[in-house]
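Here's the letter readout for the chains.
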Amino acid sequence: MWSGRQGRLRPVGCVVEELRCRRREREAALRKARREQQLISKRLLRDDASEEAEGGCVAMILGETEIQHFLRLAQQGTEEKERERALVSLRRGLQHPETQQTFIWLEGSMRTLVGLLTSNQALLQLEAARCLHELSHSEQSAVAEACLPATSYLLTYLSGHSSDFISPHLTVLEALGYALSQLLQVKEAPEMIIPSVLGSTLPEHILRLLQPGPKLNLGVAVEFAWCLHYIICSQVDNTLLISHGGLSTLGLLLLDMAGAVQRTEDTGLELLACPVLRCLSNLLTEAAMEVVGGQNQLEDERVVAALFILLQFFLQKQPSLLPEGLWLLNNLTANSPSFCTSLLSMDLIEPLLQLLPVSNVVSILVLTVLCNVAEKGPAYCQRLWPGPLLSCLIGTLAFPDIEVVGQSLELLQLLFLYQPEAAKDFLQQSGLQVLERHQEEAQLQDRVHALQQTALHQ
Amino acid sequence: MQLPPALHSRLAGGPGAAEPLPVERDPAAGAPPFRFAARRVRFPREHEFFEDGDVLRHLYLQDVLTQVTEAPERPRVPEFTCQVAGCCQVFDSLEDYEHHYHTLHRNVCSFCRRAFPSVHLLDVHILEWHDSLFQILSERQDMYQCLVEGCAEKFKTSKDRKDHLVRCHLYPADFRFDKPKKSRGPATPGAAVRASAEAPRDDGEQSGGDAMEVCSEHAASLPEPVGKRRTSSHRIPSTICFGQGASRGFKSTKKKKGHQ
């Protein structure tokens, strides 16, 4: 992202362990901030970034005259360096909310910036993108609304290069995506910004930028996938996105990502996978999905195959994303006999069981997916037992977490109901003794008791 | 996590859904004291379920932003000149040159030398400017297509199209529309002031805003019969053009080398 990144030199004397430690600290700070509902990336990032980068040099607030001066220089200066410097000065000033306000209320300023964003001079284009980037950090919805109309136009211009993207255009496109993602997180976004976004051609542009293929650029896709996530999870009008083929595009993208993992071209893939999984999972909950056989449905079992390839990738590279992947698996299988059958026919039960030890959250989700399969009836349970499932369940019954045990009890009930012989096997594997451990636990005892009865009366 | 080998080949295969096994539920399933019901779950934005993924995203952004706020050093090369005939732009970085070439020389109209940001826009330009059949047909039917790919609207005049772009696609309301192409012939009355104001401020490459050049409306300024439009269209263009000006090459810039 942002071009020059690869060429950046690490500061001398930076030790790997120091980096890891710093990263842990940053992670802890981010978690704390999120829990306190303070995780507004722009603000936090601003504080960190400006300290490190500016090195104590404080940018000044710019007034109308100064802004006009810099814009004029940038647009009409004779020397390229001079034009660039003008934009840098403007950008620095735009770090201040006051400058941002002044800027957006100044007539013609946004228009000029948009013009510079489409400049045929790469440096100006990049610097203008950084200005847009600063504006996108604003927490004031007025700024967001001022930036928004430019987006459709810019996307047309930038997307017009689809046949051969060159790097400054990609960088600007990425910056645009990032700016949009920030704007979509403004507090009033669901009421004020997202409706107009949905009413424009932006959704189609965004989906087009997420279409898999040789032209897909990871940095660009990541930013626009996050945009889509913020739109979808705000629940304004997801049916519209489905009607634009959102499910199909995202499904194909999932397949594409799994392919990338298979080819081990997966650097940074988790950054794209995360928002895509979220978008798919949330879209699947829309009422439109209840229409059986509807053309906007997601029914291709390759999606399940792709998801498992990604789960394996997460297990190795980014275990914290396993819950999100399993959430999608739940939403795929909950109401779908077809996908449940796919899990069985593609032999995916055992790989799923291998995830049980990862964490409590993961265990619960795995057990929930297995319940989704089991609750469909005897034909499904016959494929669950005989098999490794039962001994795994006896294992999870011994977990210290109440919710994991609770979910195990639910699965056991289904298994005993639809595959009574499994109860005998359960007894033979000393399952009763494990059940007994939970007899006194308030949240579990009723179910434990019921299962004991069932098992004993086989 | 061991995945069955057949999984990888399934991914490579064609789309398809599994024929579902028969579903047969017993009312006792999930009945009290049990409570399981298969259901899809949705999470709103602030839900704690998203914490890990959000943290990952923000860590990535933090890394990136420390580099954005400092403009990175770009590799420089010895100065070289653009080799396209008539262009004397000089560069000291391959990235700049690539951008320049792509924006100004890539999608160039062979009739009038205007450059366009994309093949699509070049095609539209050729159709509307250099195709006499277009002119004839446009007298009878709506021929000016919307420039946004995916929008099927067509219009009687380029002004109508421009209004549509502004209204429906949120294009900037008056972006560049009063800036004429740098023509050598007599300018339209509306354009005269602008043209002369700009002549001294030159650039062999135009300034940022020119990337979307919208030329003055012929129909608005000179009430000529439609049939005559074709012959004068080179000097008094009447359509929105996303192109760079056609006349370039001998304008002086700081970067020019050797040609005076």
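None of these values were measured; they are calculated from a predicted model. (Residues numbered from 1 in each chain as written. Chains lettered and ligands numbered in written order. Predicted model: local features only at pLDDT ≥ 70, side-chain atom pairs only at ≥ 80, totals over all residues. Heavy atoms only, no water.)

Undergrad: Where do I start with the overall build of chain B in this structure?
TA: When you go through chain B residue by residue, the secondary structure sums to nine helices and six strands. Here chain B holds 260 residues, and the buried ones make up 47% of them. Taken as a whole, chain B presents about 13,100 Å² of accessible surface, with 56% of it coming from carbon and sulfur. (Helix = DSSP H or I, 4+ residues; strand = E, 2+ residues; numbered from the N terminus. Buried < 20%, exposed > 50% of the residue type's maximum accessible area, 1.4 Å probe, protein only. Areas by Shrake-Rupley, 256 points an atom, 1.4 Å probe, with all protein chains shown as cover.)

Undergrad: Quick question: what am I supposed to make of the confidence of the model for chain A here?
TA: If pLDDT is low for a region, its predicted coordinates should not be looked at in detail. Residue and element names in this part refer to chain A. Per-residue confidence for chain A gives a mean pLDDT of 86, with 87% of residues at or over 70. The lowest-confidence element of chain A is helix H2 (residues 41-54), averaging 46 in pLDDT; the highest-confidence one is helix H20 (residues 360-374), averaging 98. Segment residues 1-13 is flagged for pLDDT under 50; beyond a separation of four residues in sequence, or across chains, it makes 22 contacts in the model. Low pLDDT, under 50, characterises residues 43-56; the predicted model gives this stretch 30 contacts beyond four residues in sequence or across chains. (pLDDT = per-residue confidence, 0-100. Contact = heavy atoms within 4.5 Å.)

Undergrad: What should I look at first to understand unusual backbone geometry in this one?
TA: Comment: phi is negative for the bulk of residues other than glycine, and the bulk of peptide bonds are trans. Residues and elements named next belong to chain A. Each neighbour pair has its own omega, and for Trp385 with Pro386 the value is 5°, a cis peptide bond. When you line up the elements, Pro386 lands in the loop between helix H21 (378-384) and helix H22 (389-396). Even without glycine at this site, Gln235 takes up a positive phi of about 55°. Summarising the element assignment, Gln235 is placed in the loop between helix H12 (218-232) and helix H13 (238-243).

Undergrad: Please clarify how the packing of helix H4 (residues 80-93) of chain A against helix H7 (residues 122-135) of chain A should be interpreted in this entry.
TA: The angle between the axes and the distance between the axes are what describe a pair of packed helices. All names here are of chain A. Contact geometry of H4 with H7 gives a least axis separation of 9 Å together with a crossing angle of 10°. Here H4 is positioned roughly parallel relative to H7, judged by the angle of their axes. Contacts from Glu80, Lys81, Arg83, Glu84, Leu87, Val88, Leu90 and Arg91 of H4 reach H7 at Leu123, Leu124, Glu127, Ala128, Arg130, Cys131 and Glu134. When its residues are assigned to classes, the contact of H4 with H7 shows seven nonpolar, no polar and eight charged. (Axes fitted to C-alpha atoms, helices over the stretch in contact; angles between N-to-C directions. Parallel < 35°, antiparallel > 145°, perpendicular 65-115°, else oblique. Nonpolar A, V, L, I, M, F, W, Y, C, P; charged D, E, K, R; others polar.)

Undergrad: Can you walk me through the pattern of salt bridges in this structure?
TA: Side chains carrying opposite charge are able to pair once their charged atoms draw close together. Applying the stated criterion across every chain yields a total of 20 salt bridges over all chains. The salt bridge involving A:Glu127 is made with A:Arg91; its shortest N-O contact spans 3.0 Å. Of this pair, A:Glu127 sits in helix H7 while A:Arg91 sits in helix H4, placing them 36 residues apart in sequence. Since its relative accessible area comes to 2%, A:Glu127 is described here as buried. Connected through shared salt-bridge partners, A:Glu27, A:Arg31, B:Glu51 and B:Asp52 make up one network. (Salt bridge = Lys/Arg side-chain N within 4 Å of Asp/Glu carboxyl O.)

Undergrad: Can you walk me through H22(A) in this structure?
TA: Helical periodicity: at 3.6 residues per turn, an α-helix aligns residues three or four positions apart in one direction. When we look at burial in H22(A), the residues that qualify are A:Leu389, A:Leu390, A:Leu393, A:Ile394 and A:Thr396. Burial along H22(A) is one-sided: seen end-on, the buried residues are contained in an arc of 160°. (Arc of directions from axis to C-beta.)

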